[in-house]
Amino acid sequence: MLETLEKIRATAIKEIAAATDTESLELLRVEYLGRKGQLTQLLRQLGTLSAEERPLAGKLSNEVKNAIQRELTTRIAALSAGDQRKVEFDYTLPGRRVGTTRRHPVNQTIDELVEIFTDIGFTVAEGPLIEDEYHNFDALNTPADHPARDEKDTLYLRDYPLLLRTETSTVQIRTMEHTKPPIRIIAPGRCYRNDTADARHYPVFHQIEGLWVDEGISFAHLKGVLLEFARGLLGKETNIRLRPHFFPFTEPSAEMEATCPACNGAGCRVCSNVGWLELGGAGMVDPQVLDDMNIDSEKYTGFAFGFGPERLTMVRHGITDIRNFYNNDLRFLRQFQ
Ligand SMILES: [Zn+2]
């Protein structure tokens, strides 16, 4: 019997050491220590042993039981600590395909814009998504009776005058508050408006705005930067034109259009046969805005511009519904490398 006990101990310990998961360890515990286990079965025969043999067998069976128990505990701890040394690894198995991720098409556009503008010397600035009326409207020359302030258009928070920023121009204000010229920043980021989602509107969207304030900055600099941007984004053949427009924050203001990349300005379905696509707005910073920021408008001038990365992405890829960007349909998203 002593021999059998030693044999059980040796086999049990070997099997436990080779176990690769906790389920098989539990099976081994039942196999050896369970009520119908090998050790228990053997101990039932203790009574048949001689008076000399019985105490020896009893003592050894206890030792074996403890040894197996100890080995089980150690192995469980090792397995849960990630010790998989005993796992046999089959190097001939084919590799598992790693799921490839892609950047969201809107983020791809933002990345490209950031690259284009940082090449011209702009740095990226950021600001809070929750703003107050001052930074979102007053400082941007948007008077109290301006329709944009209406709750129909702006998402106000319960703590008036806090709101979700409706444009990234707020970052320009915050930068001018604490930086003296020269200032040359772009501010990409999310904006919010109280819009019902349709093919052209979505309550959450992105903007990328730029600001350059320095001595002697003129409309010609603005046009040069916009042309550089349009060619960087849509191709070297692209041309731009600026049409008079109104924005509260700039004077004069212009709407920027670029030749349609799909037809090079000849007119096609993408550009509704006009050959031009509206890309964004721009203008010379209103001197009043500079003075409000304690920047001497006699000495400094500047320009600002803003684009919608969603709009630009739609133009580039011929996407007709902005909601596609936010439906998280992988069949749509996977098309953008
Ligand atoms: Zn076209």
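The paragraphs below set out a description of the structure included in this document. (Residues numbered from 1 in each chain as written. Predicted model: local features only at pLDDT ≥ 70, side-chain atom pairs only at ≥ 80, totals over all residues. Heavy atoms only, no water.)

1. Let's talk about the overall build of the chain
- Each helix and strand in the chain was counted, giving eleven helices and nine strands.
- Taking 20 Å as the expected radius of gyration for a compact globule of 337 residues, we find that the chain reaches 36 Å, considerably beyond that expectation.
- By its C-alpha atoms, the chain is 115 × 45 × 40 Å across when sized along the principal axes.
- Scored against the burial criterion, the 337 residues of the chain give a buried share of 40%.
- Restricting to contacts in the chain with at least 6 residues of sequence separation, those with at least 24 account for 66%.
- A distance of 11 Å separates the average location of the 40 positive side-chain charges in the chain from that of its 49 negative side-chain charges. (Helix = DSSP H or I, 4+ residues; strand = E, 2+ residues; numbered from the N terminus. Rg over C-alpha atoms; globule rule 2.2 N^0.38 Å. Buried < 20%, exposed > 50% of the residue type's maximum accessible area, 1.4 Å probe, protein only. Contact = heavy atoms within 4.5 Å. Lys, Arg positive; Asp, Glu negative; His and termini not counted. Charge placed at Lys NZ, Arg CZ, Asp CG, Glu CD.)

2. Here we look at the side chain of T238
- Note on placement: T238 falls in the loop between helix 8 (219-234) and strand 6 (240-247).
- On the basis of relative accessibility, which here comes to 4%, the residue T238 falls in the buried class.
- A distance of 2.7 Å separates the side chain of T238 from the backbone oxygen of G235, its partner in a polar contact. (Polar contact = N/O pair within 3.5 Å; in protein donor to acceptor, adjacent residues only side chain to side chain.)

3. Focus on the sheet that holds strand 4 (residues 183-192)
- Taking strand neighbours across the sheet as the criterion, the seven strands line up as 1-4-5-9-8-7-6 in an open arrangement whose pairing is mixed. The sheet is open, and its two borders are formed by strand 1 (123-124) and strand 6, each paired with just one other strand.
- Pairing of strand 4 with strand 5 (residues 204-215), which is carried by ten bridges, proceeds in the antiparallel orientation. Bridge pairing links C191 to F205 in strand 5.
- Contacting strand 5, strand 8 (276-285) and strand 9 (300-307), helix 10 (residues 309-317) runs over the sheet at an angle of about 105° to strand 5. (Pairing = 2+ DSSP bridges. Axes fitted to C-alpha atoms, helices over the stretch in contact; angles between N-to-C directions.)

4. What to know about the nonpolar core
- Of all hydrophobic cores here, the largest spans 31 residues; its most connected members are F117, F229, L279, F305 and F307.
- Elements that contribute at least two residues to this core include exactly helix 5 (105-119), strand 5, helix 8, strand 7 (250-259), strand 8, strand 9 and helix 10.
- Of all the elements, helix 8 adds the most residues to this core, at seven residues.
- Discounting residues that sit within four places of it in the chain, F305 has contacts with F117, F122, Q172, I186, I208, E209, G210, L222, V225, L226, G281 and A282.
- Residues V171, F249, V285 and Y300 belong to the second largest nonpolar core, which totals 19 residues. (Core = buried A, V, L, I, M, F, W, Y, C linked by side-chain atoms within 4.5 Å.)

5. Considerations on a negative patch on the surface
- There is a patch of like negative charges on the surface, built from D291, D292, D296 and E298.
- On the secondary structure map, E298 appears in the loop between helix 9 (287-292) and strand 9. (Patch = residues over 30% accessible without salt bridge, like charges linked within 9 Å, V, L, I, M, F, W, Y side chains within 5 Å. Areas by Shrake-Rupley, 256 points an atom, 1.4 Å probe, with all protein chains shown as cover. Salt bridge = Lys/Arg side-chain N within 4 Å of Asp/Glu carboxyl O.)

6. A few points about the layout of surface pockets
- Roughly 160 Å³ of internal volume is contained in the second largest pocket.
- Along the walls of the second largest pocket sit T100, T101, R102, R103, H104, P105, L330, L333 and R334, which together make up its complete lining. (1 Å grid on protein atoms, 1.4 Å probe; cavity = no way out; pocket = protein on both sides within 12 Å on 5 of 7 lines; lining within 4 Å. Points joined across faces, edges and corners; volume = space filled by probe spheres on them.)

7. Considering helix 7 (residues 169-178)
- Helix 7 sits mainly inside the fold: seven of its ten residues count as buried.
- Taken together, the buried positions of helix 7 are occupied by S169, T170, V171, Q172, I173, T175 and M176.
- Check the buried side of helix 7 and you find it contacts strand 2 (130-132), helix 6 (133-136), strand 4, strand 5, helix 9 and strand 9.

8. Focus on the packing of aromatic side chains
- On inspection of all chains with the given rule, the structure shows 13 aromatic pairs.
- Here F117 and F305 contribute two aromatic rings whose centre-to-centre distance is 5.0 Å and whose plane-to-plane angle is 20°, an arrangement assigned as stacked. Of this pair, F117 sits in helix 5 while F305 sits in strand 9, and the two are 188 residues apart along the sequence. For the pair F117 and F305, one class covers both residues: buried.
- Between F122 and F305, the aromatic rings sit 5.9 Å apart at their centres with planes inclined by 75°, giving edge-to-face as the arrangement. In this pair, F122 is assigned in the loop between helix 5 and strand 1 and F305 in strand 9, connecting sequence segments 183 residues apart.
- Above the ring of W212, the side-chain terminus of R184 is found at 4.0 Å from the ring centroid. (Phe/Tyr/Trp six-rings, centres within 6.5 Å; stacked < 30°, edge-to-face > 60°. Lys NZ or Arg CZ within 6 Å of the ring centre and 35° of its normal.)

This is a description of form; function is not addressed.
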